[in-house]
Amino acid sequence: MILHHIQSSPTQSAALKLCLRYINSADSILLSSNAVNCLLNKEWQSRLSDYNILVLEDDVIARGLQARLSTFRMISYADFVALTLTHNKVISW
């Protein structure tokens, strides 16, 4: 079980697209920094709908997107640390 940590928007980098090539159904994706912006796009919402998607709450708040991304599971930095302990590996893209 891998935690895939995506930090850049798909408009800035191919990280998320590459991640989806290698992800397993048991893996999780954590979106932080500018990567949270991809969830504003219906196409990306659809592409990610089959995966366990987590978003870093502080980054959502920093961008004023709480209302628009309220349907996604938001986690704190403490939760992020806990996830690194429950997953076998963490890959930062």
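Structure report, in brief. (Residues numbered from 1 in each chain as written. Predicted model: local features only at pLDDT ≥ 70, side-chain atom pairs only at ≥ 80, totals over all residues. Heavy atoms only, no water.)

Take the packing of aromatic side chains next. Per the counting criterion, the structure on display carries 1 aromatic pair. Between the aromatic rings of Y22 and W93, the centroid separation amounts to 6.4 Å while the plane-to-plane angle is 15°, which identifies the pairing as stacked. Within this pair, whereas Y22 is found in helix α1 (residues 15-22), its partner W93 is found in the segment after β5 (89-92), the two being separated by 71 residues in sequence. W93 gets classed as partly exposed once you look at its relative accessible area, which sits at 27%. Directly above the ring of W44 sits R47, whose terminal nitrogen or CZ lies 4.3 Å from the centroid. (Phe/Tyr/Trp six-rings, centres within 6.5 Å; stacked < 30°, edge-to-face > 60°. Helix = DSSP H or I, 4+ residues; strand = E, 2+ residues; numbered from the N terminus. Buried < 20%, exposed > 50% of the residue type's maximum accessible area, 1.4 Å probe, protein only. Lys NZ or Arg CZ within 6 Å of the ring centre and 35° of its normal.)

A separate point is the pattern of salt bridges. If charged atoms from side chains of opposite charge come close, those side chains can pair. Considering all chains together, one arrives at 2 salt bridges under this definition. Across the pair E43 and R47 runs a salt bridge whose closest N-O atoms are separated by 4.0 Å. Here E43 and its partner R47 are both found in helix α2 (residues 42-48), 4 residues apart, which amounts to about one turn of the helix. Among the salt bridges present, the one from R63 reaches D59, with a minimum N-O distance of 4.0 Å. The exposure class assigned to D59 is buried, which follows from its relative accessible area of 12%. (Salt bridge = Lys/Arg side-chain N within 4 Å of Asp/Glu carboxyl O.)

Looking at α1, one finds that the buried residues are A15, L16, C19 and L20. Buried residues of α1 fall within an arc of 135° about the axis and therefore sit on the same side. Of the exposed residues in α1, the ones pointing more than 90 degrees away from its buried face are R21 and Y22. Residues of α1 that are buried sit in contact with β1 (2-6), β2 (28-31) and α2. (Arc of directions from axis to C-beta. Contact = heavy atoms within 4.5 Å.)

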